[in-house]
Amino acid sequence: MRRAGLIKPLLRINNNKSRVWRKNYATQVDSNLTECSLDPKEYVDFKRQLRQLNLPHKDGHTCLQLECRLCERNKQPATSAQKGGDQGPLAYVNKRTGAVICPSCDVKTSLANALLAYQLPTPVGYRRPPQRQPLFESRFSHLVHVTAEACEALGIKGLKEDQLNAIGAQWEPEQQLLHFRLRNAAQQVVGEKVLYLGDRREETFQGSLISGLLIHGGANKSKAVLVSNLLDFIVLATQNIESHCVVCLPYELKTLPQECLPGLERFKELVFWLHYDASHSWDAARAFALKMDEKRCLLIRPTETEPAPHLALRRRLNLRHILAKATPVRHKAITTFGAMRNDILSELQNIEKVNGVKWKRFPVLNKLLKGHRRGELTILTGPTGSGKTTFMSEYSLDLAMQGVSTLWGSFEIRNTRLAATLLRQYVGYPLDDRLQEFNHWAEEFERLPLYFMTFHGQQPLKPVLEAIEHASYVHDVMHVIIDNLQFMMGVSTHRGDKFWEQDSIIAAFRSFATKHNVHVTLVMHPRKERQEDELTTSSVFGTAKATQEADNVLIIQDKRLTSVRGKKYLQIAKNRYSGDLGIMPLEFDKDGLSYSSQIQSAKRKREKTPSET
């Protein structure tokens, strides 16, 4: 198949989103698998080959469904009984990535390898994917039925223990925990979600290569309500909403693994009724809708009269009336104020979350930019050697520490050096002479949602955009950094068209940011200016299109070389969201490679305290 290794340009720093069941349960992944972006032609070719092999299949919302023959026990064609009635295990082909998943066998393989499995006799080159190990139910043997104590701790008025038992809850009295089993599309247990009744904290425990959902409702229902936490799930599942199933997402609003999508294929309508507990999750419904086929998705906008389910129950609001007010996520090309009215009201009532994620290391940016928002394009420029990459790495680290999933495309600096810079900024001091601390800090750093493209040096636009689109779909990346844009130029065969080439690259990133609701930051070199002159928006290399397309333009001004009392500062030269312009002083701490005044003042306080005691 073409572009078989497309997603190889993605290195992963583990986000530690779940405890992995390594000993008792492990999903088997074919070593032949390379996740890639599947273009329409490959998908059409695959369907044509299925027809040639006389294999029945169904075109679903996000996946192509067909009978599974991936494993040894399923390699034979369906029997006449199965053809006439009972259907054998189903395999799902993701339309975007080409990954082939069978929930029954719990295997995952590539499109090319899967196609070989459907040919009889089986070709010599076919590698049968290994099957999963059985899940030991003893993992749940210490759990008991829910008691009145758990109902009282939840604080939901009128809730009875038999209602919780009916929706699959199990109780761990010693730790005050409620357990819910996560199941895949074949109804096999692949993990669990746990609610800590003391502080309402939730954790998800499942394998890093598998993912399930918590679904309550009859198998014959074609509509579902999606919630992001267990409290909302319990409220809706115990309210006997006859028309909809209730689905709890595994990782709240952080990410939605593609392995979950087969479990949602049977639903013709999905209603997002989410609890937005952080600013970076504000646009999660729209991002997830793109992954689930937005034509079938509806959204309940969070307002004072339409809050999250557990808040609505507490305020004695009618849950069915709120559910009936869900409106399509996808709008037509032309709309009216009436169609946008609820969106506007929701934004006004949640203005701090709409403003975006606040920086903790750079409070001045919060005053000027208000926050970091998805769907925007930011340009950072500055003189050579002024610290653009160092500043941008700390800027992105600050956001990643708050859950903003980030993809770095560093064409100028190798990933090992970039990761070392990020780690040093995270720790606050060099680890050269403290190597005994490395494992501790490395394990903590691995929990951050950071990804790196393995491209280096000059790269054409197409493979870079394909890798970014894949990361946006599979890993729910919210922030993409390209450092720097000039390394994507010069691949054109025509001479003298470098400005046109740059404009087309910027237009592509602008379109991508808007379409996929991802914040894209482009690091760019300025034109050659006199050292004594300040850089302006017109100093950005190329035509005016770059700054016209950008929502934010940040310029590092360095006057230390041209003036005795010269300073270095970051200038916000364009701010489309709020219009506020200004500067942020940049004082550099060499030990921590940090420009943050917050970090430096905390460091000075720590150094001063021992001398005074």
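As a reminder, the structure under discussion sits directly above these lines.
These remarks concern the structure in this document. (Residues numbered from 1 in each chain as written. Predicted model: local features only at pLDDT ≥ 70, side-chain atom pairs only at ≥ 80, totals over all residues. Heavy atoms only, no water.)

1. What about the overall build of the protein chain?
Next, step 1: Summing up its helical and strand segments, the protein chain has 19 helices and 25 strands in all.
Next, step 2: By sequence separation, contacts in the protein chain at least 24 residues apart represent 69% of the contacts at least 6 residues apart.
Next, step 3: For the protein chain, the exposed surface amounts to about 28,600 Å²; the carbon and sulfur share of it is 51%. (Helix = DSSP H or I, 4+ residues; strand = E, 2+ residues; numbered from the N terminus. Contact = heavy atoms within 4.5 Å. Areas by Shrake-Rupley, 256 points an atom, 1.4 Å probe, with all protein chains shown as cover.)

2. A word on the nonpolar core
Next, step 1: One finds Leu154, Leu164, Leu178, Phe180, Phe233 and Ile234 to be the most contacted residues of the largest nonpolar core, which totals 37 residues.
Next, step 2: Those elements that place two or more of their residues in this core are helix H4 (148-154), strand S9 (177-183), strand S13 (223-227), helix H6 (230-237), strand S14 (245-248) and helix H9 (319-324).
Next, step 3: Considering every element that reaches this core, the biggest residue donor is H6, with seven residues.
Next, step 4: Apart from residues lying up to four places away in sequence, Ile234 is in contact with Leu154, Ile156, Leu159, Leu164, Ile167, Leu178, Phe180 and Leu195. (Core = buried A, V, L, I, M, F, W, Y, C linked by side-chain atoms within 4.5 Å. Buried < 20%, exposed > 50% of the residue type's maximum accessible area, 1.4 Å probe, protein only.)

3. Topic: the sheet that holds strand S8 (residues 170-172)
Next, step 1: With respect to topology, four strands assemble into an open sheet ordered S8-S9-S10-S11, the strand pairing being antiparallel. Across the chains shown, the open sheet's two edge strands, defined by having one partner strand only, are S8 and strand S11 (201-206). Direction aside, the axes of adjacent strands within the sheet are offset by 30° on average.
Next, step 2: Where strand S10 (residues 189-196) lies against S11, six bridges are found, and the strand directions are antiparallel. Looking across to S11, one finds that Glu192 is bridged to Phe205. (Pairing = 2+ DSSP bridges. Axes fitted to C-alpha atoms, helices over the stretch in contact; angles between N-to-C directions.)

4. A short note on unusual backbone geometry
Trans is the prevailing form of peptide bonds, just as negative phi is the prevailing case for residues other than glycine.
Next, step 1: The peptide bond linking Asp483 to Asn484 adopts the cis configuration, its omega dihedral lying at -5°.
Next, step 2: Among the structural elements, Asn484 can be located in the loop between strand S21 (479-483) and helix H17 (498-516).
Next, step 3: Although it is not a glycine, Glu252 adopts a positive phi angle of roughly 55°.

5. A word on the packing of helix H13 (residues 388-400) against helix H14 (residues 415-427)
Next, step 1: Following both chains from N to C, one finds H13 and H14 inclined at 60°, their axes separated by 10 Å at the closest point. By the criterion of interaxial angle, the relationship of H13 to H14 is oblique. Two packed elements cross with a definite hand, and for H13 against H14 that hand is right-handed. Listed contacts from H14 to Thr389, Thr390, Ser393, Glu394, Ser396 and Leu397 of H13 are Leu418, Thr421, Leu422, Gln425 and Tyr426.
Next, step 2: Along the lines of polarity and charge, the residues of the contact of H13 with H14 split into four nonpolar, six polar and one charged. (Parallel < 35°, antiparallel > 145°, perpendicular 65-115°, else oblique. Left-handed = near helix turned anticlockwise from the far one by under 90°. Nonpolar A, V, L, I, M, F, W, Y, C, P; charged D, E, K, R; others polar.)

6. What about the pairing of S13?
Next, step 1: With four of its five residues buried, S13 lies for the most part within the structure.
Next, step 2: Strand direction decides the pairing type here: S13 and strand S15 (residues 269-272), joined by four bridges, are parallel. Within S15, the position partnered with Ala224 by the bridge is Leu270.
Next, step 3: Of the strand pairs in this sheet, S13 and S14 are connected by four bridges, and their pairing is parallel. Directly across from Val225, in S14, lies its bridge partner Val246.
Next, step 4: Taken together, S13, H6 and S14 constitute a β-α-β crossover, and its handedness is right-handed. (Right-handed = clockwise from strand over helix to strand, strands pointing away.)

7. Structural notes on the packing of H14 against helix H15 (residues 438-445)
Geometry of a packed helix pair, given as the angle between the helix axes and the separation of the axes.
Next, step 1: Axis separation between H14 and H15 bottoms out at 11 Å; the angle between their running directions is 100°. The pairing of H14 with H15 is recorded here as roughly perpendicular in orientation. Mapping the contact onto sequence places Ala419, Leu422, Leu423, Tyr426 and Val427 in H14 and Phe438, Trp441, Glu444 and Phe445 in H15.
Next, step 2: Residues belonging to the contact of H14 with H15 are distributed by class as follows: eight nonpolar, no polar and one charged.

8. Here we look at H17
Next, step 1: For H17, spanning 19 residues, the distance from its first C-alpha to its last is 27 Å, which sits close to the expected 27 Å at 1.5 Å a residue.
Next, step 2: Buried within H17 we find Glu501, Gln502, Asp503, Ile505, Ile506, Ala508, Phe509, Arg510, Phe512, Ala513 and His516.
Next, step 3: Looking at the buried positions of H17, the neighbouring elements they touch are helix H7 (284-292), strand S18 (377-381), helix H16 (461-474), S21, strand S22 (519-524) and helix H18 (545-549).
Next, step 4: Directly after H17, the chain includes Asn517, whose backbone phi takes a positive value near 55°. (Expected span 1.5 Å × (residues − 1).)

Distances and angles like these do not, on their own, reveal function.
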